[in-house]
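Reading the structure
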Amino acid sequence: MSENELKARVELALQNHSKGYNCAQAVSCAFRDLVDIDEATLFRTTEGLGLGMGGMDGTCGAITAAAVLSGLKCSTAHLDKPDSKVNSYQISRACIQEFKDKNSSVICRELKGVDTKKVLRSCNDCIADAVAIIATRLF
């Protein structure tokens with residue numbers, strides 16, 4: 001992916017977030033054209049992943065998009081004999097680990113500094129980081 005395309009995807013994700021999409025929706029929908037799914041379906045699918053999976057105690061929604069997108073991109077959809085999980089898991093894990101290495105955590109409340117009053121990363125920065133990581137590792 002070119003630097004210009006990456007910048008455009010980051011901007012799209014940030015625009016989505018400013019419209020009220022949660023972090024998972026904002027990031028996932030910025031890649032919907034590359035995973036052949038309509039925006040409304042992807043929006044609905046990722047709605048429960050925002051705010052650290054709904055309660056700030058879970059994984060940051062921005063990077064959970066990596067798990068959703070890795071499945072959409074890598075799955076063979078062989079329902080009778082699933083055979084693509086390992087690849088999806090490896091890519092998802094690599095994206096999440098890179099995000100953690102960069103930001104010291106993947107937990108929403110830690111990133112937002114809820115308990116420590118020390119913000120590790122803003123939502124917009126988490127979104128930009130997640131888009132860059134996903135673009136590099138998945139596309």
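Bear in mind the structure is a predicted one, so any value in this text is a computation, not a measurement.

1. Thoughts on the pattern of salt bridges
Counted by the stated rule, this structure contains eight salt bridges. The residue Asp57 makes a salt bridge to Arg109 at a minimum N-O spacing of 3.2 Å. Taken together, the residues Asp57 in the loop between helix 4 (50–53) and helix 5 (61–74) and Arg109 in helix 7 (residues 108–111) connect sequence positions 52 residues apart. Connected through salt bridges with shared partners, the residues Glu5, Arg9 and Asp33 form a single ionic network.

2. Side note on the packing of helix 5 against helix 6 (residues 85–103)
One can describe the packing of helix 5 onto helix 6 by two numbers: an axis separation of 9 Å at closest approach and a directional angle of 155°. In terms of orientation, helix 5 and helix 6 fall into the roughly antiparallel class. Considering only the axes of helix 5 and helix 6, their crossing is right-handed. Contacts from Ile63, Ala66, Ala67, Ser70, Gly71 and Cys74 of helix 5 reach helix 6 at Asn87, Ser88, Ile91, Ser92, Cys95, Ile96 and Phe99. Looking at the contact of helix 5 with helix 6, its residues break down into eight nonpolar, five polar and no charged.

3. Examining the packing of aromatic side chains
Overall, the coordinates contain two aromatic pairs when judged by the stated rule. Ring plane angle 75° and centroid distance 4.9 Å describe the contact between Tyr21 and Phe43, whose orientation is recorded as edge-to-face. In this pair, Tyr21 is assigned in the loop between helix 1 (3–18) and helix 2 (23–29) and Phe43 in helix 3 (residues 39–46), connecting sequence segments 22 residues apart. Consider the rings of Phe31 and Phe139, whose centres lie 5.2 Å apart with planes at 15°: the pair is stacked.

Conventions adopted
- Residues numbered from 1 in each chain as written.
- Predicted model: local features only at pLDDT ≥ 70, side-chain atom pairs only at ≥ 80, totals over all residues.
- Heavy atoms only, no water.
- Salt bridge = Lys/Arg side-chain N within 4 Å of Asp/Glu carboxyl O.
- Helix = DSSP H or I, 4+ residues; strand = E, 2+ residues; numbered from the N terminus.
- Axes fitted to C-alpha atoms, helices over the stretch in contact; angles between N-to-C directions.
- Parallel < 35°, antiparallel > 145°, perpendicular 65-115°, else oblique.
- Left-handed = near helix turned anticlockwise from the far one by under 90°.
- Contact = heavy atoms within 4.5 Å.
- Nonpolar A, V, L, I, M, F, W, Y, C, P; charged D, E, K, R; others polar.
- Phe/Tyr/Trp six-rings, centres within 6.5 Å; stacked < 30°, edge-to-face > 60°.

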